[in-house]
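Chain by chain, the residues run as shown.
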Amino acid sequence: MSVPINALTEDFAVAPQLAPEDMQAVADAGFRSVIINRPDMEGGPDQPLSSEVMAAAHVAGLEVVYQPVVSGAMTADDVVLFAKNLKSLPAPVLAFCRTGTRCTYLFQAASAL
C-alpha cells in the first residue's frame, strides 16, 4: 500500500483517499475495520466510489462503514455517529477521507464526548 497511514492511537489511524486495491493491504496491516468519511464524487469521477471500496473491503475480511462528512461542514450529528461507529466496529479501525484531516478532526471531537 503506497498510502501513508497516520496512527493516532493503538486502535485508530487515518489515511488519505484509499482505493479498492488498497483494502487487502489494509487488512494485511492488521486493521479490522474501515470508515469511509469522504463523500462519493467529492473528488470528481477519478475518485473511487464507496461501494467499490466497500466491496473490496468485504472481500479482504474487513468491516466497513460509509459515513460521508462534507469537508469543512462537520456537524454534531457527524461526531456522534462517528463515536458510535468507533465503539461498534472491531479495532483497530482505519478511517479515510481526502487527506486524513477530516477523519482526525472527527476522531478528536468524538473522543471528547
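Overview of the structure. (Residues numbered from 1 in each chain as written. Predicted model: local features only at pLDDT ≥ 70, side-chain atom pairs only at ≥ 80, totals over all residues. Heavy atoms only, no water.)

Where burial is concerned, the two faces of strand β5 (residues 93-96) agree: the one with Val93 and Ala95 and the one with Leu94 and Phe96 are both buried. In this structure, strand β3 (residues 33-36) lies alongside β5, joined through four bridges in parallel fashion. Paired with serine 33 across the strands is valine 93, a residue of β5. (Buried < 20%, exposed > 50% of the residue type's maximum accessible area, 1.4 Å probe, protein only. Helix = DSSP H or I, 4+ residues; strand = E, 2+ residues; numbered from the N terminus. Pairing = 2+ DSSP bridges.)

This next bit is on the packing of aromatic side chains. Evaluated as defined, the whole model comprises two aromatic pairs. A centroid spacing of 4.3 Å and a plane angle of 5 degrees characterise the contact between phenylalanine 12 and phenylalanine 107, whose relative ring orientation is stacked. One end of the pair, phenylalanine 12, is in strand β2 (residues 12-15); the other, phenylalanine 107, is in helix α4 (residues 101-111), with 95 residues separating them in the sequence. Residue phenylalanine 12 shares its accessibility class with phenylalanine 107, and that shared class is buried. Each member of the aromatic cluster is reached from another via a ring pair, and the members are Phe12, Phe82 and Phe107. (Phe/Tyr/Trp six-rings, centres within 6.5 Å; stacked < 30°, edge-to-face > 60°.)

The next point concerns the sheet that holds β3. Spatially, the five strands line up as an open sheet ordered β1-β2-β5-β3-β4, and their pairing is mixed. A strand with exactly one partner marks an edge of an open sheet, and here the two such strands are β1 (6-9) and β4 (63-66). With strand direction ignored, the average angle separating the axes of adjacent strands in the sheet is 20 degrees. Direction of pairing for β1 relative to β2: antiparallel, over a ladder of three bridges. Across the sheet, the residue bridging to asparagine 6 is valine 14, located in β2. Against the sheet, helix α3 (residues 76-88) touches β2, β3, β4 and β5, its axis set at about 165 degrees to β3. Contacting β1, β2 and β5, α4 runs over the sheet at an angle of about 155 degrees to β2. (Axes fitted to C-alpha atoms, helices over the stretch in contact; angles between N-to-C directions. Contact = heavy atoms within 4.5 Å.)

A cis amide bond links alanine 91 to the next residue, proline 92, at an omega of 0 degrees. The topology assignment puts proline 92 in the loop between α3 and β5. Its identity as a non-glycine residue notwithstanding, methionine 41 has a phi of 70 degrees, on the positive side. With respect to the helices and strands, methionine 41 occurs in the loop between β3 and α2 (50-59). For methionine 41, a relative accessible area of 47% translates into the label partly exposed.

Right, let's talk about the nonpolar core for a bit. By size, the foremost hydrophobic cluster in this structure holds 18 residues, and its most contacted members are Leu18, Met23, Val26, Val34, Leu62, Leu94 and Phe96. Among the elements of the structure, β2, α1 (23-28), β3, α2 and β5 are those that each provide at least two residues to this core. The next biggest cluster of nonpolar side chains, apart from the first, holds 16 residues, and it includes Val14, Phe82, Val93 and Ala95. (Core = buried A, V, L, I, M, F, W, Y, C linked by side-chain atoms within 4.5 Å.)

Further remarks concern the side chain of serine 33. Along the polypeptide, serine 33 turns up in strand β3. Judged by its relative accessible area of 0%, serine 33 is buried. Within the structure, the side chain of serine 33 is placed 2.6 Å from the backbone oxygen of proline 90, a separation counted as a polar contact. (Polar contact = N/O pair within 3.5 Å; in protein donor to acceptor, adjacent residues only side chain to side chain.)

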